[in-house]
Amino acid sequence: MLVSRGAFILVVSIIVGAQNLQEATTCRSVCPGTVSLGARMRWFGFGFNAFGQIHGGDFAIDDDTTNEVKLITPTQLTCHVDGSCCKKTSGLRASWSRRASLHSNGGRCLCLAGFKAASGIYGTGCTDAVIGESFLILAFPDRIESWDMDNDEKKTPVWSMELKTTSDSADTPLNLPLITDGYIAIKPPFYRPLSPHLKATRLAMGAEHSVLLSASGAVYTWGLGSHGQLGHGGLSSEEQPRVVEALWGMTMSCIATGGWHTVCISDGGDLYVWGWNESGQLGLPSRAVRQAQQHQSSPAAADSSSYTDTPEGEKDKEVFISIQAFPALLDITPSCEVTVVGCGSRHTAAVTSAGDLYTWGWGQYGQLGYEASCSDEPHRVEFFTKQQMRVVNVTCGTWNTFAAVVKEEVAAS
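Residues numbered from 1 in each chain as written. Predicted model: local features only at pLDDT ≥ 70, side-chain atom pairs only at ≥ 80, totals over all residues. Heavy atoms only, no water.

Judged by side-chain charge, Glu133, Asp150, Asp152 and Glu153 come together as a negatively charged surface patch. Its location among the elements puts Glu153 in the loop between strand E11 (143-148) and strand E12 (159-162). (Patch = residues over 30% accessible without salt bridge, like charges linked within 9 Å, V, L, I, M, F, W, Y side chains within 5 Å. Areas by Shrake-Rupley, 256 points an atom, 1.4 Å probe, with all protein chains shown as cover. Salt bridge = Lys/Arg side-chain N within 4 Å of Asp/Glu carboxyl O. Lys, Arg positive; Asp, Glu negative; His and termini not counted. Charge placed at Lys NZ, Arg CZ, Asp CG, Glu CD. Helix = DSSP H or I, 4+ residues; strand = E, 2+ residues; numbered from the N terminus.)

Right, dumping it as structure tokens:
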């Protein structure tokens, strides 16, 4: 069945101050030694592209046309109507079917690409945004607005709230979904309060749980815990933020969350992971991943009920992890620290201090940046290395990945 797709690209003109659009993972780390890169930074995307959220333009999708739906090779983003590249993108958010990015090409503009993005939403003065499947959240210096993405005649927001300005928050830029006294969810009720005692600096929301980073570097989680995504050692849910005691005493600088897994980076550049590992999204041994890999290499020998790739004596020594209920330290590469991390629904992407991008987890739509339906081991995305590009930032949509890069000579300057 042939389904036509439009370019689905909207350019929303906005005037912004010093604040920038934050990335989808709510994690904003700076690589050691890097400087302001401005227009020299470029964004690439790969993974699920059925709605043109990575590679826009008019195209058609059918059962035999998968090259546009599945993008394995990182593709430089375009956004503007004239097809110009996103060379001045200062931040990016992504959901399953959409991408929102903030630009500074001769001014400031917010671009939406993907499903039902071609509509009249104007955000003059917008400073930040969060994109979802049903709603677009826009932040302004004095208010928050929520727009219905399913309404083709968008003239007014479906919800808005005035922001309280305090002496402590006047000079602090918003970092959605956090606001001064709470946070904004992507579905009603939009405003949800937080205790001021938490002193939250970052917040990330998964499919059914939330993760908060405090000013002291402590990590708090709450919500559904059925896949160990809260990190408290069990599968119980938590109604209120509870500190992850296993990390107590270690200062964390970055948090991110996927659908049912959570990751964070310490001040020293160590990466900690916990939650669901069915697709190898934690980078820990997964029985399901090994079975899938065995089936691909030898379909006739694969058995869905058991993993038989190793001799019997050795198989007993291998431990597979489906759920990791406590934070586990994950070594990506011994020579480099992790500086930025992002999570999709069932995949993870991390940037190292060397400027390399590593990905792992579910990769059915090319979101790992290399040929693999899934991987429970971090692998470097070689495309950027071969192009002599240094990765400086990463953020993930549900089934795709976006990386900000600079040329090696620029990064070294």
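What follows covers the pattern of salt bridges. Per the counting criterion, the structure on display carries eight salt bridges. Of the charged contacts, one joins Asp142 and Arg143 as a salt bridge, the two residues approaching to 3.1 Å between their closest N and O atoms. Of the charged contacts, one joins Arg143 and Glu145 as a salt bridge, the two residues approaching to 2.7 Å between their closest N and O atoms. Overall, Arg143 belongs to the partly exposed group, its relative accessible area being 27%. With relative accessibility at 9%, the residue Glu145 sits in the buried group. Connected via shared salt-bridge partners are Asp142, Arg143 and Glu145. (Buried < 20%, exposed > 50% of the residue type's maximum accessible area, 1.4 Å probe, protein only.)

By the secondary structure assignment, Ser373 is in the loop between strand E26 (357-362) and strand E27 (374-380). The exposure class assigned to Ser373 is buried, which follows from its relative accessible area of 17%. In this structure Ser373 touches Gln296, Gly361, Trp362, Gly363 and Gln364, once residues within four positions along its chain are discounted. (Contact = heavy atoms within 4.5 Å.)

This brings us to the environment of Gly366. Position of Gly366 relative to the elements: it lies in the loop between E26 and E27. For Gly366 and Phe48, which are 318 residues apart along the polypeptide, the C-alpha to C-alpha distance reads 7.0 Å. Those residues in contact with Gly366, other than ones at most four positions away along the chain, are Phe46, Gly47, Lys70, Leu71 and Ile72.

Looking now at the sheet that holds strand E25 (residues 347-352). Sheet architecture is open: four strands sit in the order E24-E25-E26-E27, paired in antiparallel fashion. Two strands in the sheet have a free side with no partner beyond their single neighbour: strand E24 (338-343) and E27. The mean angle between the axes of side-by-side strands here comes to 10°, regardless of whether they run parallel or antiparallel. Of the strand pairs in this sheet, E24 and E25 are connected by five bridges, and their pairing is antiparallel. Bridge pairing links Val340 to Val351 in E25. (Pairing = 2+ DSSP bridges. Axes fitted to C-alpha atoms, helices over the stretch in contact; angles between N-to-C directions.)

Membership of the largest hydrophobic core comes to 18 residues, with the highest contact counts inside it found for Val263, Leu271, Val273, Leu284, Ile332, Val341 and Trp360. Put simply, the parts of the chain that give this core at least two residues each are strand E20 (252-257), strand E21 (261-266), strand E22 (271-276), strand E23 (323-330), E24 and E26. In terms of residue count, E24 provides more of this core than any other element does, three residues in total. Sequence-distant contacts of Val273, that is, excluding residues within four places in its chain, are made with Thr262, Val263, Leu282, Leu284, Gln324, Phe326, Pro327, Ala328 and Leu330. Core analysis: the second largest hydrophobic core is formed by 14 residues, Val340, Ala349, Val351 and Ala403 among them. (Core = buried A, V, L, I, M, F, W, Y, C linked by side-chain atoms within 4.5 Å.)

This paragraph deals with the packing of aromatic side chains. Following the criterion strictly, the structure yields 17 aromatic pairs and no others. Look at Phe48 and Phe51: their rings are 6.1 Å apart centre to centre, the planes differ by 75°, and that puts the pair in the edge-to-face class. Judged by its relative accessible area of 4%, Phe48 falls in the buried class. Between Trp96 and Trp399 the ring centres are 5.8 Å apart and the planes differ by 85°, which places this aromatic pair in the edge-to-face class. Of the two residues, Trp96 is situated in the loop between strand E6 (89-94) and strand E7 (98-103) and Trp399 in the loop between strand E28 (389-396) and strand E29 (400-407); the sequence distance between them amounts to 303 residues. For Trp399, a relative accessible area of 21% puts it in the partly exposed group. Aromatic ring contacts, followed pair by pair, group Phe48, Phe51, Trp96, Phe115, Trp362, Tyr365 and Trp399 into a single cluster. Here Arg143 stacks its cationic end above the ring of Phe140, 3.9 Å away from the centre of that ring. (Phe/Tyr/Trp six-rings, centres within 6.5 Å; stacked < 30°, edge-to-face > 60°. Lys NZ or Arg CZ within 6 Å of the ring centre and 35° of its normal.)

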